[in-house]
Amino acid sequence: MALTTAPVNAWLLAWVALAPLWVLVVSYQKPKIEEQKQKFLFLPSFLNIHPLQNPLPNFLLPLLWGIGYHGLALSWIMGIHPMTWLGVPWWPSLAIALFCWAFITLWGAALVAVWAWLFAIAISKINGTGILPVIPQKISGTGILPVISQKISGTGILPVIRVLIGTALWCALESIWSTGSLWWTSLSYTQSPHNLAILHLGQLSGPSAVTAAIVAVNGLIAEAFIEGRRKKEEGRRKKWIPYILPASLCLVLHIAGWSLYNRPLNQEAATALKIGIIQGNIPNEIKFDSGGWRRALEGYTTGYKQLADRKVDAVLIPETALPFIWTNEYQRSTLSFYQAILERGVVAWVGGFGQQENSITNSLLAIDRTGEIVGRYDKLKLVPLGEYIPFYEILGGIINRLSPLDAHLVPGNSQQLFDTPFGRAIVGICYDSAFAEIFRYQAANGGEFMLTASNNAHYKPPMLAQHHALDVMRAIETDRWAVIATNTGYSAFVTPRGETVWKSGINTYEVRDATIYRRQTRTFYVKWGDWLTPVLLVLAGLMRLSVRN
């Protein structure tokens, strides 16, 4: 599954990569002695760890699958090493990077292990052998239907119910994990930015719709394999008919997504905005010293003036591009970039720092042509260890702060909105891009276009590509044009269909402009949020109860 993400981008593998794990979980058979032990201890069978009967604990198999997926997909985190520019010695820097990588990998792998454990419990008495439901004789009478059903699906309870349960559980766990501070590797992002048709299912119910599609197809493929293996063991010829269902579902899902993709955008000239992006390319090694400040001020001021000469309506610069306290009127008034705003009169969306009582925020500020701050968004999802230390009372003295700031960074309000002279915008700063609900909330409250500002200078190129993939998903889900400004790449302009109009290079200084359009459409996801996950859980629960009864 890890090969589906950047840098390999083999996104097609996502439609089969989960099937082997599914087969392992569904096919698990507990020893009889363990069944007796379970009845006495009330333990789920999936926790069987008897060394003689089960040399490799079964819960380790999904854990290993999760480590493979999340560990490889997130291996770019090692790019934070070395952190000598922050004053961290080489060896402690390596230890911190390895700890971060191991922790986020195990956190993601835990989702897979919990899913397999819950799934094994939920299907413990669902022992059907077909891929299609058996039609009861009371319902279908004594005609040809029972005969056909018997030939296609065999006997027992529906494997289709297993697919429903497995899909519902995975979506529910992703929903739970995404409410925390460590979230990035949803199955849905394996399809971005390449499979635009399936990504448009995100307009229906957000990332969960794409995840559900992937899990369901994998589940049906696995069930077809299990059915074929059973027939082989019984000495009967294997048939390809069971594979029709997953292939058909995959086709139907892509057709549905393609129909959403092909809807006209209806762009009106009155809603057009010409927006400029400046990619400063300031290495983190010098970003917070005097040399870096001078280079940043020179580069961004020059780029701003170039874009002003091109008659743009507004200029967007990256996260903390100018690392000063912009809410301090005296401090910003001394900056050449601020003086350029007063001179040229072009709106600027500036990545810098704001103040919140005695703390500091990582902010994007809207500065109008008179130099007034008319809008402000404070980064909501701070990076653990990078921008704040979890359990500071315990870990603070051991790890210290990795951020060069002397003050304490605090997150923004989850209900903040960002107003500009052109209307309300949807804003995300760097890590916010992984959390779809942040963008959905702002779109539901009048956001007409999307702005993201990031600084990924300390990460490897695969992270930059994955970050762009997340921004593409957010643009599709909200049906908004996206303007993406980063320090070292990838800056971009993205249409509501997820098409990247322009994308910058990596580690280059770039000044670019393009025309975007304000939109007021409201997708199902924007209106109702993630409604699919609770619906799947209710249906799975009802079907599970019907099996028990």
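As a reminder, the structure under discussion sits directly above these lines.
Each chain has its residues counted from 1, following the order in which its sequence is written. Where local features are concerned, this predicted model is filtered to residues with pLDDT of at least 70; where side-chain atom pairs are given and counted, the filter is 80 or more; whole-chain, interface and lining totals use all residues. The side-chain quantities take in all heavy atoms of the structure and omit both hydrogens and water.

Draft legend 1. Helix H10 (residues 207-233), seen in detail. The first and last C-alpha atoms of H10 sit 39 Å apart over 27 residues, in line with the 39 Å expected at 1.5 Å per residue. Most of H10 sits out of view: 22 of its 27 residues are buried. Positioned one or two residues after H10, Gly235 has a phi angle of 85 degrees, which is positive. Under the scheme used here, helices are H or I runs from DSSP no shorter than 4 residues and strands are E runs no shorter than 2 residues, and both carry numbers assigned from the N terminus. Under the convention used throughout, the expected extent of a helix is 1.5 Å for every residue step, that is, one less than its residue count. The buried label applies to any residue whose accessible area, calculated with a 1.4 Å probe on protein chains only, is under 20% of its type's maximum; exposed applies above 50%, and partly exposed to all values in between.

Draft legend 2. Molecular detail of the pairing of strand S4 (residues 359-367). Of all 9 residues in S4, 9 are buried; the element is thus mostly enclosed. One ladder, built from 9 bridges, connects strand S3 (residues 347-356) with S4; its direction is antiparallel. The residue of S4 that forms the bridge with Val350 is Leu365. By the convention used here, strands pair only if DSSP detects at least 2 bridges between them. Between the antiparallel neighbours S3 and S4 lie 2 residues, among them Glu357 with a positive phi of about 55 degrees. Examined bridge by bridge, S4 and strand S5 (residues 373-378) share 5 bridges and lie antiparallel to one another. Across the sheet, Leu365 pairs through a bridge with Arg376, a residue of S5. A loop of 5 residues connects S4 with S5, the two strands running antiparallel in sequence, and Gly371 in this loop sits at a positive phi of about 90 degrees.

Draft legend 3. Structural detail: the side chain of Ser93. Among the secondary structure elements, Ser93 is positioned in helix H4 (residues 90-122). The buried category is assigned to Ser93, whose relative accessible area is 0%. Polar contact is defined as a pair of N or O atoms within 3.5 Å, subject to the rule that within protein one atom must be able to donate a hydrogen and the other to accept it, and that residues adjacent in sequence are counted only when both atoms are side-chain atoms. Side-chain polar atoms of Ser93 contact the side chain of His81, separated by 2.8 Å. Here a residue-residue contact requires only that any non-hydrogen atoms of the pair lie within 4.5 Å. Beyond its immediate chain neighbours, meaning those up to four positions away, Ser93 contacts His81, Pro82, Met83 and Val88.

Draft legend 4. View of a nonpolar patch on the surface. Patch definition: residues above 30% relative accessible area lacking any salt bridge, with like charges linked at up to 9 Å and the nonpolar side chains Val, Leu, Ile, Met, Phe, Trp and Tyr linked at up to 5 Å. Accessible areas in this description were obtained via Shrake-Rupley with a 1.4 Å probe; residue shielding takes into account the shown protein chains only. Salt bridges are counted wherever a side-chain nitrogen of Lys or Arg sits within 4 Å of a carboxyl oxygen of Asp or Glu. A cluster of nonpolar residues, Leu204, Phe524, Trp528, Trp531, Val535, Val538, Leu539, Leu542 and Leu545, forms a patch on the protein surface that exposes about 870 Å² of accessible area. Contributions of two or more residues to the nonpolar patch are made by helix H19 (524-528) and helix H20 (532-548). At 5 residues, the largest contribution of residues to the nonpolar patch is made by H20. Here Val535 is to be found in helix H20.

Draft legend 5. Structural view of the packing of aromatic side chains. The pairing test for Phe, Tyr and Trp rings, Trp by its six-membered ring, is centres within 6.5 Å, and the orientation test on the planes gives stacked under 30 degrees, edge-to-face over 60, and tilted for anything in between. For the structure shown, the criterion picks out 22 aromatic pairs. Note on Trp293 and Phe324: the rings are 5.9 Å apart at their centroids and 55 degrees apart in plane angle, and the pair reads as tilted. Placement of the pair is Trp293 in helix H13 (residues 290-309) and Phe324 in the loop between strand S2 (314-316) and helix H14 (329-333), with a sequence separation of 31 residues. Look at Trp293 and you get partly exposed, because its relative accessible area is 32%. These aromatic residues form a ring-pair network of at least three members: Trp22, Trp65, Tyr69, Trp115, Phe119 and Trp170. Two thresholds decide whether a charge sits over a ring: the Lys NZ or Arg CZ must be within 6 Å of the ring centre and within 35 degrees of the ring normal. Note that Arg497 overlies the ring of Tyr261, its terminal NZ or CZ placed 5.6 Å from the centroid. Here Lys503 stacks its cationic end above the ring of Tyr490, 4.4 Å away from the centre of that ring.

Draft legend 6. The arrangement of the pattern of salt bridges in detail. Evaluation of the coordinates by the stated rule reveals 12 salt bridges. With a closest N to O distance of 2.7 Å, Arg344 and Asp309 form a salt bridge. Note that Arg344 is positioned in helix H15 (residues 336-344) and Asp309 in helix H13, a separation of 35 residues in sequence. Residue class for Arg344 comes out partly exposed when judged on its relative accessible area of 32%. The class for Asp309 is exposed, based on a relative accessible area of 53%. Overlapping salt bridges, with partners in common, bring together Lys274, Arg310 and Asp513 in one network.

Draft legend 7. Broad picture of the packing of helix H1 (residues 19-27) against H4. Inter-axis angles, ranging from 0 to 180 degrees, are taken between N-to-C directions of lines fitted to C-alpha atoms, where helices are fitted over the stretch in contact. In the contact formed by H1 and H4, the axes pass within 9 Å of each other and the chain directions differ by 40 degrees. Taken together, the axis directions place H1 and H4 in an arrangement best described as oblique. As H1 packs across H4, the resulting crossing turns out to be right-handed. Listed contacts from H4 to Leu21, Trp22, Val25 and Val26 of H1 are Val112, Trp115, Ala116, Phe119 and Ala120. Split into classes, the residues belonging to the contact of H1 with H4 amount to 9 nonpolar, no polar and no charged. Note on angle classes: values under 35 degrees are labelled roughly parallel, values over 145 roughly antiparallel, values of 65 to 115 roughly perpendicular, and the remainder oblique. A clockwise turn of the near helix away from the far one marks a right-handed crossing, whereas an anticlockwise turn of less than a right angle marks a left-handed crossing. Three residue categories are used. Nonpolar comprises Ala, Val, Leu, Ile, Met, Phe, Trp, Tyr, Cys and Pro, charged comprises Asp, Glu, Lys and Arg, and polar comprises the others, including Gly.

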